[in-house]
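Residue-level structure breakdown
Chain by chain, the residues run as shown.
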Amino acid sequence: TVDLGDLAAARVLKAISAAAYFSRPNVYPIVVFRIARLALSKGLCAESAAGFLGLGVVHAALLGDYARAEQLGKIAQAIEARFQAHHLSGYLAMVYHAFIHHWNHPLKESLESLGLGADAALASGDTEFWSYCWYWQGAHAIYTGQNLSELRHRIQAQCSSIERRQQKKGRLLLHLHHAVDTLI
């Protein structure tokens, strides 16, 4: 079993993974490698899912090994299920569907899962990944040719909800809203 120190380390590493991805992308692989290494050397915990999913991102984005990325994504989903890690569902859905799923499956298949991820994130109080799920769902909807007028109304409602919650990370969705307005 994982001791409390290792569990705390995994939680901190998972918590900084998104910041590493956005602000220091070269540090992101180190963060997710450390989470995975903790899992392999000390045992699994819920946050181990973030490590294996992050390894999947590295395999897809840096190595072009989309089949291995998909396998690592499935491992992450199995860990999430084993630990009933509902607090990670939004995070895992966003990362998987934004960075791995589309290499092996039609992009349109991600739309519903990203919506469910947004719902799960909000239910667990994770407004950051709630807004990221909505952003990626909107982006994928544009890429798959969904009706822009309908999409515009949906994104407007999501932006209003993000503003009510004062979620600063939701600015990505605001940019998407402006892009849809421009396309219409």
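Residues numbered from 1 in each chain as written. Predicted model: local features only at pLDDT ≥ 70, side-chain atom pairs only at ≥ 80, totals over all residues. Heavy atoms only, no water.

**Some remarks on the overall build of the chain**
A tally of helices and strands in the chain yields 9 helices and 0 strands. Listing every helix and strand of the chain by position from the N terminus yields α-α-α-α-α-α-α-α-α. Taking 16 Å as the expected radius of gyration for a compact globule of 184 residues, we find that the chain reaches 16 Å, a close match to that expectation. If one aligns the C-alpha atoms of the chain with their principal axes, the spans along those axes are about 55 × 35 × 30 Å. (Helix = DSSP H or I, 4+ residues; strand = E, 2+ residues; numbered from the N terminus. Rg over C-alpha atoms; globule rule 2.2 N^0.38 Å.)

**Overview of the environment of Ala76**
With respect to the helices and strands, the residue Ala76 is situated in helix α4 (residues 66-82). Overall, the relative accessible area of 2% leaves Ala76 in the buried class. Taking the C-alpha atoms as reference points, Ala76 and Arg24, separated by 52 residues in sequence, lie 23 Å from one another. When near neighbours in sequence (up to four residues on either side) are disregarded, Ala76 contacts Ala49, Leu53 and Leu92. (Buried < 20%, exposed > 50% of the residue type's maximum accessible area, 1.4 Å probe, protein only. Contact = heavy atoms within 4.5 Å.)

**Looking at α4**
Since the α-helix packs 3.6 residues into each turn, any two residues three or four apart lie on the same face. Helix length check: α4 (17 residues) gives 24 Å between terminal C-alpha atoms against 24 Å at 1.5 Å per residue, within 8%. For α4, every residue scored as buried is listed here: Ala69, Glu70, Leu72, Gly73, Ala76, Ile79 and Glu80. Residues of α4 that are buried in the fold lie against α3 (48-61) and α5 (89-99). Where α4 ends, the next residue or the one after it, Gln84, has phi of about 45°, a positive value. (Expected span 1.5 Å × (residues − 1).)

**Quick look at the packing of α4 against α5**
To describe two helices that pack against each other, one gives the angle between their axes and the distance between the axes. Closest axis-to-axis distance for the α4/α5 pair is 11 Å, and the angle between their directions is 170°. With respect to α5, the element α4 is oriented roughly antiparallel. Contact residues: Glu70, Gly73, Lys74, Ala76, Gln77 and Glu80 in α4; Ser89, Leu92 and Tyr96 in α5. When grouped by side-chain class, the residues that make up the contact of α4 with α5 number 3 nonpolar, 3 polar and 3 charged. (Axes fitted to C-alpha atoms, helices over the stretch in contact; angles between N-to-C directions. Parallel < 35°, antiparallel > 145°, perpendicular 65-115°, else oblique. Nonpolar A, V, L, I, M, F, W, Y, C, P; charged D, E, K, R; others polar.)

**Some points on the nonpolar core**
Across soluble globular proteins, you tend to see nonpolar side chains buried next to one another. Core analysis: the largest hydrophobic core is formed by 55 residues, its most contacted members being Leu53, Met94, Val95, Phe99 and Trp136. It is helix α7 (residues 127-143) that contributes the most residues to this core, 9 residues altogether. The residues contacting Leu53, other than those within four sequence positions of it, are Leu72, Gly73, Ala76, Leu92, Val95, Tyr96 and Ile100. (Core = buried A, V, L, I, M, F, W, Y, C linked by side-chain atoms within 4.5 Å.)

**Some remarks on the packing of α3 against α5**
Packing of α3 against α5 brings their axes to within 10 Å, and their N-to-C directions diverge by 10°. In terms of axis orientation, α3 runs roughly parallel to α5. Where α3 approaches α5, its residues Ala49, Ala50, Leu53, Val57 and Ala60 are matched on the opposing element by Tyr91, Leu92, Val95, Tyr96 and Phe99. Grouping the amino acids of the contact of α3 with α5 by side-chain chemistry returns 10 nonpolar, no polar and no charged.

**Topic: the side chain of Ser89**
By secondary structure assignment, the location of Ser89 is in helix α5. For Ser89, the contacting residues outside a window of four places in its chain are Glu80 and Ala120.

**Here we look at the side chain of His97**
Mapped onto the fold, His97 is located in helix α5. Owing to a relative accessible area of 7%, His97 belongs among the buried residues under this scheme. With residues up to four places along the chain from it excluded, the contact list for His97 reads His102, Ser110, Ser113, Leu114 and His140.

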